[in-house]
Amino acid sequence: MKARYQFRFYPTDQQQKLLAQLFGCVRVVWNDALAICKQAEKLPSNNDLQKLVITQAKKTIERQWLSDVSNIPLQQSVADLGVAYKNFFDSLTGKRKGKKLGRPKFKKKTNQQSARFRIGGFSIKGDEVYLAKIGNVSPIWSRDLPSAPSSVTVIKDCANRYFISFVVEVEPVNIDAKNQSIGIDLGIKTFAVMSNGEKAQSPDYSKLDRKIRKLQKKLARQPKDSQRRNKTRIQIAKLHNEIADTRKDFLHKLSSKIVSENEVIVLEDLNVSGMVKNRKLARAISLQGWREFRTLCEAKSQKFGRTFHVISRWEPTSQICSECGYKWGKLDLKIRSVKCLNCGTEHDRDENAAKNINKVGIGHCHDSKRALQIE
């Protein structure tokens, strides 16, 4: 099983210049290859693209500076473009599950920059990592690598932070689970309500979000390509990173706790892309990170040897009594508690939904078609 270990590092001024040159060359190779793909009637192979945008391009005056950087990240950029096109076509034909992917896009200088080194383009020497034609960099090691990395990716985000990411092989972890199964209902005010009665409150992002909205209005009034606009853009990127880091820390801790304590984890398949079309809730929903939480739970379930289920979004988990199976129908979102007309049990709306999600996931849900109905 493969995993990614990411660490921050602080390059010297000379290394920053070399990395900026490397990122620019990787970006140009990607954009040149993508331009050829868009004009071609048939998609060229990776070998043909590499000959055109790297080997032959180095011989021209316009692209001779490609020889100043390592050839490995340039070849990986072309290979990544091939993978992006494959994922796009697989998404069109239905081979790739999940959200439909769009065509590969041209890369911009102001977006996140990255360059990937294969074996031969990097080496680990003690606490330092050697990168071809860049030199030795010193990551801040927060944990040890479980095995030798197969590739290394250098990343510069929009807030000018530098990270180095390793892809390594990890062994599954065997930990005895305390509970047999758990169902989780995701929400906005309360991030997660579990079928065992536990609740998880998400961090408050409102203060940072207000600052972002204020700066975005300021950015819209500033002239393009101006120094002040660029300064405001970096300020916005830093605030976005602060929110993303806070959310990632919360989701990692919550998902680790849930997966380590439960043998079976059940989530509901939410139509997030449809829900964000509600302009009043779109921003609040986007800040929660429901999809990221699902991805983390799924990956960690594989790591810990757990069973992970996602039930259909059409299951009426909020419309059925978790005790007797009586179906009372749709409820307004303002109604947070409901009393069953059949058995008289009073339910918290979210906790009742979590219990039903758990029952559907393990295959013991009440059959709503046979449930008692009050005339």
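Here the structure is shown first, and the text comes after it.
The present account deals with the structure reproduced in this document. (Residues numbered from 1 in each chain as written. Predicted model: local features only at pLDDT ≥ 70, side-chain atom pairs only at ≥ 80, totals over all residues. Heavy atoms only, no water.)

### Some thoughts on the sheet that holds strand E6 (residues 151-156)
Then comes step 1: Taken in spatial order, the four strands of this open sheet run E1-E7-E6-E2, and their pairing is antiparallel. At either end of the open sheet lies a strand with only one pairing partner, and these are strand E1 (2-8) and strand E2 (113-118). Averaged over all adjacent pairs, the angle separating strand axes in this sheet is 20°, with direction ignored.
Then comes step 2: Note: E1 against strand E7 (residues 162-169), seven bridges, orientation antiparallel. Within the sheet, the bridge partner assigned to Tyr5 lies in E7 and is Phe166.
Then comes step 3: Across the face of the sheet, helix H1 (residues 13-39) comes into contact with E2, E6 and E7 while running at roughly 90° to E2. (Pairing = 2+ DSSP bridges. Helix = DSSP H or I, 4+ residues; strand = E, 2+ residues; numbered from the N terminus. Axes fitted to C-alpha atoms, helices over the stretch in contact; angles between N-to-C directions. Contact = heavy atoms within 4.5 Å.)

### Overview of the pattern of salt bridges
Then comes step 1: If you walk through the whole model with that rule in mind, you get 15 salt bridges.
Then comes step 2: Here Arg294 ties to Asp269 by a salt bridge, and the two come within 3.0 Å at their closest N and O atoms. With Arg294 in helix H8 (residues 290-304) and Asp269 in the loop between strand E11 (262-268) and helix H6 (272-275), the pair connects residues that are 25 residues apart, well separated along the chain.
Then comes step 3: We classify Asp269 as partly exposed; its relative accessible area is 22%.
Then comes step 4: Overlapping salt bridges, with partners in common, bring together Asp157, Arg161 and Asp245 in one network. (Salt bridge = Lys/Arg side-chain N within 4 Å of Asp/Glu carboxyl O. Buried < 20%, exposed > 50% of the residue type's maximum accessible area, 1.4 Å probe, protein only.)

### With respect to the pairing of E6
Then comes step 1: The element E6 is largely enclosed, with a buried count of five among its six residues.
Then comes step 2: Sheet topology places E2 next to E6; six bridges connect them, and they run antiparallel. In the sheet register, Arg116 faces E6, and the bridge partner there is Thr153.
Then comes step 3: Judged from the six bridges that link them, E6 and E7 form a sheet pairing that is antiparallel. Looking across to E7, one finds that Ser151 is bridged to Val167.
Then comes step 4: The loop that links E6 with its antiparallel partner E7 comprises five residues; one of these, Asn160, has a positive phi angle of about 65°.

### Brief notes about the environment of Lys248
Then comes step 1: Topologically, Lys248 is positioned in helix H5 (residues 227-261).
Then comes step 2: Overall, Lys248 belongs to the partly exposed group, its relative accessible area being 39%.
Then comes step 3: Expressed as a C-alpha distance, the spacing of Lys248 and Ile72, which sit 176 residues apart in the sequence, is 31 Å.

### Side note on the packing of aromatic side chains
Then comes step 1: Applying the stated criterion across every chain, the model contains eight aromatic pairs.
Then comes step 2: Residues Phe9 and Tyr162 carry aromatic rings whose centres are separated by 5.9 Å and whose planes lie at 55° to one another, so their mutual orientation is tilted. Pair noted here: Phe9 is in the loop between E1 and H1 and Tyr162 is in strand E7, with a separation of 153 residues, a long-range link.
Then comes step 3: In this structure an aromatic cluster arises from ring pairing among Phe7, Trp141 and Phe166.
Then comes step 4: The positively charged end of Lys125 is found above the aromatic ring belonging to Tyr130, 5.2 Å away from the centroid.
Then comes step 5: Lying across the ring of Tyr5, Arg143 places its NZ or CZ 3.8 Å from the centre. (Phe/Tyr/Trp six-rings, centres within 6.5 Å; stacked < 30°, edge-to-face > 60°. Lys NZ or Arg CZ within 6 Å of the ring centre and 35° of its normal.)

### Some remarks on the side chain of Thr232
Then comes step 1: Tracing the chain through its elements places Thr232 in helix H5.
Then comes step 2: Among the residues examined, Thr232 registers a relative accessible area of 2% and is labelled buried.
Then comes step 3: Aside from chain neighbours lying at most four places away, what touches Thr232 is Leu215, Lys218, Leu219 and Gln222.

### So, helix H9 (residues 349-362)
Then comes step 1: With 14 residues, H9 should reach 20 Å at 1.5 Å per residue; the first-to-last C-alpha distance of 20 Å fits that figure.
Then comes step 2: Among all positions of H9, only Arg349, Asp350, Asn352, Ala353, Ala354, Asn356, Ile357, Asn358, Val360 and Gly361 are buried.
Then comes step 3: Those residues of H9 hidden inside the fold are in contact with strand E8 (179-186), strand E9 (192-194), E11, strand E12 (307-311), strand E13 (337-339) and strand E14 (346-348).
Then comes step 4: Sitting at the amino-terminal end of H9 is Asp348, which places a side-chain oxygen 3.2 Å from the backbone nitrogen of Asp350.
Then comes step 5: Immediately downstream of H9, the backbone of Gly363 shows phi near 85°, a positive value. (Expected span 1.5 Å × (residues − 1). Polar contact = N/O pair within 3.5 Å; in protein donor to acceptor, adjacent residues only side chain to side chain.)

### Quick look at helix H3 (residues 71-93)
Helical geometry note: an α-helix holds 3.6 residues per turn, so side chains three or four residues apart project in the same direction.
Then comes step 1: With 23 residues, H3 extends 34 Å from end C-alpha to end C-alpha; this agrees with the ideal 33 Å at 1.5 Å per step.
Then comes step 2: By the burial criterion, the buried members of H3 are Ile72, Pro73, Leu74, Gln76, Ser77, Val78, Leu81, Tyr85, Phe88, Asp90 and Ser91.
Then comes step 3: On its buried face, H3 is in contact with H1, helix H2 (46-55) and E2.
Then comes step 4: Between the side-chain oxygen at the start of H3 and the backbone nitrogen of Ile72 there is a gap of 3.4 Å, and the oxygen is on Ser70.

### Overview of the sheet that holds E9
Then comes step 1: On the basis of which strands lie adjacent, the open sheet formed by five strands has the order E10-E9-E8-E11-E12 and mixed pairing. The sheet terminates laterally at strand E10 (199-200) and E12, the two strands that pair on one side only.
Then comes step 2: One ladder, built from two bridges, connects E9 with E10; its direction is antiparallel. Paired with Ala192 across the strands is Ala200, a residue of E10.
Then comes step 3: Relative to E8, H9 is tilted by about 130°, and along the sheet it contacts E8, E9, E11 and E12.

### Considerations on the environment of Gln16
Then comes step 1: Assignment of secondary structure puts Gln16 in helix H1.
Then comes step 2: According to the relative accessible area criterion, Gln16 is partly exposed, its value standing at 31%.
Then comes step 3: Measuring from C-alpha to C-alpha, the distance between Gln16 and Thr60 comes to 26 Å, with 44 residues separating the pair along the chain.
Then comes step 4: Every residue in contact with Gln16, bar those within four places of it in the chain, is listed here: Pro11 and Tyr162.

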